[in-house]
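Tertiary structure, described
Take a look at the letters that make up each chain.
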Amino acid sequence: MAARRVALKAIDWVAFAERVPPNQRGMFNALKTRSDAIAAKLASLPEAPAAIDWSYYRSAVARIGMVDEFEKKFKALQIPAPVDTQTSTIDAQEAEATKSALVYTEACKARIAQYEKELDKLKNMIPFDEMTIEDLNDTFPETKLDKVKYPYWPHKPIADL
Amino acid sequence: MTQFNLISPINICNAWWLIHPPTVMASCGLVQASRCLHTSSQSLAPVPPLPEKPGKVRHGLIPEEFFQLLYPKTGVTGPYMLGTGLAIYMLSKEIYIINSSTLVALTVGSFFIYGVKKFGPSIAEFADKLNEEKVAKVQEVKDLAVAGLAQAIDREKKEQWRVEGRSLLFDAKRNNVAALLETNHRERLHMVTNEVKKRLDYQIALQNLHRQMEQEHMVNWVEKSVISSITPQQEKESIAKCITDLKALARNTQAKATA
């Protein structure tokens, strides 16, 4: 028969579970149950089938030559290994995921840089006690009163007070 | 927000000092000096903050610097002597005339001073509290912003770490595929073996069945021929013999039972 192929890599499901974000937990659980079922099925099958006791059959079966013929054909039989169609797809998916992950990481880094800049600005600003209105408008542009749009005091819609 | 300090109502002298810097003092030696404008040709930037407390004044009117000015020459009592002398001079020379306005001034002045002394501190506290509330509100906004940003940065870092684990998913998928292939292959092997075994067992079972049927048939046939060979005469004789045997057996058992 065909040779043994032990290509299974040990997967740390605990570490995997940690990395899954909460909104994809359902998908992860489905994957895990599927994988467990497949692995259980594999484990339940013995590696090689039980050997046939040819000598017993040769003595038991009356028809001469039948057992010999069976034995010859049986030994000559080759079961081809099943063709692997999915691994290439998975590899392609992985490459694509790596690419998109790179893009996402870049975006993440940009966002982090922006947040850090804001954080630095807030940390290094002058204390409120020592600010003037101009300083406040510089640090927090949203406090600037639009004197062109609302020329009369209080320079903002009454509803916003 | 502009600095809002409730300072003593009469503080004209402080303003005077700002406009006319003391030339006698060294560099910026005011009694309360945190904001010295125009003392040197250098311009201060950023402009230092407004002072928290107003300049020191004695008796609510006269700045402390005046007393310091006169101290080297006339000692502690100098300014008082000057004040008394001036007052007496103005009264005696009738430069200042006492009339009804003086009484009014004294009365109003005393009420005014009483009012300020009694209610001044509490009003100052109230105004300070208003200011504090404003500052606290804005501070809270700032703190929330800082905390929110820190949290956002942490979240982004966590997401990046999550993304790093994507290889696990693909490993799991590949494992599944390999396991399925392996299972399929083994199933096929098992199926072949089982089928061959089934066929051989079938042959053996068939043989056994044949033999069994032949045996049964032969036994039946022998029995039939034996039964048919028994003649009626032989039958009667054998039945009579059986009865005598039975009687003898009964007598024997009876004897055994009584003995």
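Residues numbered from 1 in each chain as written. Chains lettered and ligands numbered in written order. Predicted model: local features only at pLDDT ≥ 70, side-chain atom pairs only at ≥ 80, totals over all residues. Heavy atoms only, no water.

This part takes up the overall build of chain A. Along the backbone of chain A there are six helices and zero strands. Starting at the N terminus and ending at the C terminus, chain A contains elements arranged as α-α-α-α-α-α. The buried share of chain A, taken over its 161 residues, is 24%. Of the contacts made within chain A by residues no fewer than 6 positions apart, 17% connect residues no fewer than 24 positions apart. (Helix = DSSP H or I, 4+ residues; strand = E, 2+ residues; numbered from the N terminus. Buried < 20%, exposed > 50% of the residue type's maximum accessible area, 1.4 Å probe, protein only. Contact = heavy atoms within 4.5 Å.)

It is worth spelling out helix H2 (residues 64–74) of chain B at this point. Residue and element names in this part refer to chain B. Taken residue by residue, H2 has Glu64, Glu65 and Phe67 as its buried positions. Mapping the buried residues of H2 onto a view down its axis gives an arc of 155°, with all of them on the same face. Glycine 75, located one to two residues past H2, shows a positive phi value of around 75°. (Arc of directions from axis to C-beta.)

Now for the packing of helix H5 (residues 87–124) of chain A against helix H5 (residues 166–229) of chain B. Running from N to C, H5 of chain A and H5 of chain B point in directions that differ by 175°, and their axes come no closer than 10 Å. Overall, the two elements H5 of chain A and H5 of chain B adopt an arrangement that is roughly antiparallel. For the pair H5 of chain A and H5 of chain B, the contacting residues are Thr87, Ile90, Asp91, Gln93, Glu94, Ala97, Thr98 and Ala101 of chain A in the first and Arg166, Ser167, Phe170, Lys173, Arg174 and Val177 of chain B in the second. Of the residues that constitute the contact of H5 of chain A with H5 of chain B, the class distribution is five nonpolar, four polar and five charged. (Axes fitted to C-alpha atoms, helices over the stretch in contact; angles between N-to-C directions. Parallel < 35°, antiparallel > 145°, perpendicular 65-115°, else oblique. Nonpolar A, V, L, I, M, F, W, Y, C, P; charged D, E, K, R; others polar.)

Here we come to the interface of chain A and chain B. With 75 residues of chain A at the interface, the matching set in chain B holds 57 residues. Regarding the contact of chain A and chain B, the summed buried area is about 6,400 Å², with carbon and sulfur atoms giving 69% of it. The interface formed by chain A and chain B includes five salt bridges. For arginine 19 of chain A, the salt bridge is made with glutamate 164 of chain B, and the minimal N-O distance between the two is 4.0 Å. For the side of chain A that touches chain B, the secondary-structure elements that each account for two or more residues are helix H1 (13–19), helix H2 (25–44), helix H3 (54–60), helix H4 (66–76) and H5 of chain A. Examining the composition of the side of chain A that touches chain B, we find that 20 residues originate from one element, H5 of chain A, more than from any other. Grouping the constituent residues of the side of chain A that touches chain B by class yields 50 nonpolar, seven polar and 18 charged. (Buried area = accessible area lost by both parts, 1.4 Å probe. Salt bridge = Lys/Arg side-chain N within 4 Å of Asp/Glu carboxyl O.)

Now for the confidence of the model for chain A. Looking at chain A, pLDDT values average 84 and 96% of them are 70 or higher. Model confidence for chain A, summarised as mean pLDDT per element, is weakest for H3 of chain A at 82 and strongest for H5 of chain A at 90. (pLDDT = per-residue confidence, 0-100.)

For the coordinates displayed, the defined rule picks out eight aromatic pairs over all chains. Residues phenylalanine 16 of chain A and phenylalanine 28 of chain A carry aromatic rings whose centres are separated by 5.0 Å and whose planes lie at 75° to one another, so their mutual orientation is edge-to-face. With a gap of 12 residues between them, phenylalanine 16 of chain A in helix H1 and phenylalanine 28 of chain A in helix H2 connect regions that are remote in the sequence. One aromatic cluster is present, formed by Trp13, Phe16 and Phe28 of chain A through successive ring pairs. The lysine or arginine in question, arginine 58 of chain B, covers the ring of phenylalanine 67 of chain B, its NZ or CZ lying 4.1 Å from the ring centre. (Phe/Tyr/Trp six-rings, centres within 6.5 Å; stacked < 30°, edge-to-face > 60°. Lys NZ or Arg CZ within 6 Å of the ring centre and 35° of its normal.)

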